[in-house]
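What follows is the residue order along each chain.
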Amino acid sequence: MDNRTHIFTILIIFLCLFCPVSLIPAELIGKEFPGFSNICVKADENLIPDIIGVSMKLPDIVYAGTYLRVIDIVRSQEKLPTGTFSINYILEDSNGIQPERLLGTINIQNLVRGGQKKINTTFPVPSDVQTGHYLVQRLITNTENSANTGSYLQGRQNQVQIINSEENILTGYSDDPEYTGETGTLFISSTVVNSNDYYPVETKIFYYLSKSGLISDDLIFIGDTNNFIIQPKDEIITEKTFSISEDLENGKYFLISSFLPIEIITKDNSSYWISGDPVSISRTIPYNYPVIPLTRPDTIQTSPEPDVTTLKTDYPDILYIGEGNKITDSIANIGGSTAGIVRVEYLFSSDNAGSDAKHLDWWTIHNLKGGETRTEQVTIGIPGGIRAGIYYLTKKITVTSSPQEKNTANNFWTGNRPVRAEYNPAARIPDLTHVTTKFPFADPGENAEISDTITNIGNACAGQVTVAYYISPYPSFDPSTARYLGAWETGRICVGEQLSNTINITIPADLRKGEYYWFSVIDPCTFIAYCGEEMPELDKSNNINIGQLNIGPCVFCR
């Protein structure tokens, strides 16, 4: 008996040692993905943390060659902190015909017991993904151990329909780039057109330099834009300035612009375009003329490099939400050489430490010479999404120059007195609210009706109003955990006017016994930042109406 036990133990060790275990190589992103059906799970089960999926929100339709936004919530079931782990997001064909494709990987540093992580990101969808319905799978790997294994995450998943159209849904072109030798910067303006009739598209632009103009050569990546959304039959112009490395050899370069990372496209793909004429890159070393120090003692030169600081900022005690407000600002270069591009970012924070600063506006200054002071009356806009209250005005200075600024300790400023943000009583703004909402009682899978009446209690008309309906197990509205049921879209609603509507919805068939909450949300894009432009309504605290639904034993009867 003992001999057989030893033989069995040796056999188990042999199988685990030679079991195919691997991580996902970076070059597989966007490529066909080898399945993990033959993974051998080591005896130490803690190598792969016990993580479940709480919610996954995907758009209904995405075009190949654009970006898939994934809003995911995962939760740790471990008794101890998980440590670092990775989640690999994989496209799996619902019909099992197309090969699996790796979209990308998210690294999570740690989750405590019961800890949840909300992931809000986008992944590029390769242009050659075929039309069909795809399940987005999560594969978890442990990044702290060299002998990595992987396992598919259990819990809520979601599907997305991918359309691979033969037409060029997205087309783009870039104006001739403008290179500034003194600052070593390249200014690029690009126009992107969404030609389809029905769906908005999310995308971004990557920029590369190439001596030959061929994407098969070694390209020099210079930067990319933020993600942006283009509505159907619309176009967007993006402008951005990039710093060119001093190590780049002088010469002529073609500008290559691409909607997707160049690593996942082919030369016959329509996701990229090349400038007609090359741009000359030639770094010029400016002659630094003697600088006459300013008379102010706090603006004497401190270094041979640029050194930009704020001098004085005059701003009113009240700033109006949703409007432009004028302030007077002074910025000085107390260094010994010219600062090529100076960007002053204005922010709002609820405390004087700037812990939760929100972006307001920019002031851009070009070629601020050593010892020079610029004073400007700047208009800063207070976004409509900011709540009324007491704030501190904060500034952040960013310098793009050659030589680079070394002393950045004086690039941050917070006002020593608070400012109040409030609505302008003379402004004409709409204010939408619910009059009454009748939520139904029904069982999972049944059809039901929601009757809703809204009104405008503001002093201006609102146009293109949308009311969206959701159901959620949580009493607080969060679009990442709520189930979308449908929307009521209406046109113009003026002051004092009431509009009523009845919408047919289907209660999700997979709801289990428990307590659920209905939500009627006016202007849902206020609460989902990436879904489109907001309507010009400032006070949105009364835009959500809530009801209750109980599945199972009667808590309150019909």
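Residues numbered from 1 in each chain as written. Predicted model: local features only at pLDDT ≥ 70, side-chain atom pairs only at ≥ 80, totals over all residues. Heavy atoms only, no water.

Time to look at the confidence of the model for the chain. Any segment with low pLDDT has predicted coordinates that should not be analysed in fine detail. Residues with a pLDDT of 70 or more make up 80% of the chain, whose mean pLDDT is 78. Scored below 50 in pLDDT, residues 11–27 shows 21 contacts in the model against residues more than four places distant or in partner chains. Confidence over residues 144–148 falls short of pLDDT 50; this stretch has 11 contacts with residues more than four positions distant or in other chains. (pLDDT = per-residue confidence, 0-100. Contact = heavy atoms within 4.5 Å.)

Our focus in this paragraph is the pattern of salt bridges. One pass over the full model with this rule turns up 13 salt bridges. Among the ionic pairs, D197 bridges to K233, the shortest N-O distance being 3.3 Å. Of this pair, D197 sits in the loop between β13 (185–194) and β14 (201–203) while K233 sits in the loop between β17 (228–230) and β18 (234–243), placing them 36 residues apart in sequence. Under the relative-accessibility criterion, K233 is labelled exposed at 58%. The shortest N-O distance in the salt bridge between D224 and K204 comes to 3.4 Å. Of this pair, D224 sits in strand β16 (residues 220–224) while K204 sits in the loop between β14 and β15 (206–210), placing them 20 residues apart in sequence. The class of K204 is buried, set by a relative accessible area of 14%. (Salt bridge = Lys/Arg side-chain N within 4 Å of Asp/Glu carboxyl O. Helix = DSSP H or I, 4+ residues; strand = E, 2+ residues; numbered from the N terminus. Buried < 20%, exposed > 50% of the residue type's maximum accessible area, 1.4 Å probe, protein only.)

With that settled, the discussion passes to the nonpolar core. Side chains of a nonpolar character, in soluble globular proteins, are inclined to be buried together. Counting 27 residues, the largest nonpolar core has L68, Y89 and V160 as the members making the most contacts within it. Mapped by element, the contributors of at least two residues to this core are β1 (51–57), β3 (67–76), β4 (85–93), β5 (101–108), β6 (116–124), β7 (132–142) and β10 (158–163). Residue contributions to this core peak at 4 residues, all from β4. If sequence neighbours within four positions are ignored, V160 has contacts with L58, P59, D60, V62, L68, L91, G132, H133, Y134 and V136. (Core = buried A, V, L, I, M, F, W, Y, C linked by side-chain atoms within 4.5 Å.)

Applying the stated criterion across every chain yields a total of 13 aromatic pairs. Geometrically, the ring pair formed by F206 and F221 is tilted, given 6.4 Å between the ring centres and 45° between the ring planes. With F206 in strand β15 and F221 in strand β16, this residue pair connects regions lying 15 residues apart in the sequence. Since its relative accessible area comes to 10%, F206 is described here as buried. Judged by its relative accessible area of 46%, F221 is partly exposed. (Phe/Tyr/Trp six-rings, centres within 6.5 Å; stacked < 30°, edge-to-face > 60°.)

Pairing between the strands of a sheet comes from backbone hydrogen bonds, and it takes one of two forms, parallel or antiparallel. The mixed open sheet is built from 4 strands, whose spatial order is β6-β3-β1-β9. The open sheet has two edge strands with one neighbour each: β6 and β9 (154–155). (Pairing = 2+ DSSP bridges.)

Let us now look at the sheet that holds strand β31 (residues 432–438). On the basis of which strands lie adjacent, the open sheet formed by 3 strands has the order β31-β32-β35 and antiparallel pairing. What marks the edges here is a single partner per strand, and that holds for β31 and β35 (498–506). Taking each pair of neighbouring strands and ignoring which way they run, the sheet shows an average axis angle of 25°. Across 6 bridges, β31 lies against strand β32 (residues 447–456) in antiparallel orientation. (Axes fitted to C-alpha atoms, helices over the stretch in contact; angles between N-to-C directions.)

We now examine the side chain of E202. Of note, E202 is situated in strand β14. The class of E202 is buried, set by a relative accessible area of 11%. Within the structure, the side chain of E202 is placed 2.6 Å from the side chain of R69, a separation counted as a polar contact. Among the polar contacts made by the side chain of E202, one reaches the side chain of N227 at a distance of 3.5 Å. With near-sequence residues (within four places) excluded, E202 lies in contact with T66, Y67, R69, T122, N227, F228 and I229. (Polar contact = N/O pair within 3.5 Å; in protein donor to acceptor, adjacent residues only side chain to side chain.)

This part covers unusual backbone geometry. Glycine aside, a negative phi is what most residues show, and trans is what most peptide bonds show. Here the residue pair S402 and P403 is connected by a cis peptide bond, since its omega of 5° sits within 30 degrees of zero. Here P403 is to be found in the loop between β28 (389–400) and β29 (412–414). The phi torsion at N367 lies on the positive side, around 55°, for a residue other than glycine. By the element assignment, N367 lies in strand β26 (residues 358–368). The class of N367 is partly exposed, set by a relative accessible area of 33%.

So, about the layout of surface pockets. Considering only enclosed or pocket space, the second largest pocket measures out at about 670 Å³ in volume. Considering the residues around the second largest pocket, the lining is formed by 24 residues, among which F187, E239, K240, T241 and R343 are closest to the centre. When residues of the lining of the second largest pocket are traced back to their parent elements, those giving at least two are β12 (178–180), β13, β18, β25 (339–349), β26 and β28. Among the elements that line the lining of the second largest pocket, the one with the most residues is β18, at 6 residues. Grouping the constituent residues of the lining of the second largest pocket by class yields 5 nonpolar, 15 polar and 4 charged. (1 Å grid on protein atoms, 1.4 Å probe; cavity = no way out; pocket = protein on both sides within 12 Å on 5 of 7 lines; lining within 4 Å. Points joined across faces, edges and corners; volume = space filled by probe spheres on them. Nonpolar A, V, L, I, M, F, W, Y, C, P; charged D, E, K, R; others polar.)

A few words on the environment of N325. Note on placement: N325 falls in strand β24 (residues 324–333). Separated by 54 residues in the primary sequence, N325 and T379 place their C-alpha atoms 5.3 Å from one another. Non-local contacts of N325, meaning those with residues more than four positions away in its chain, are made with I318, L319, Y320, V378, T379, I380 and I382. In terms of polar contacts, N325 uses its side chain to reach the backbone amide nitrogen of Y320, at 2.9 Å.

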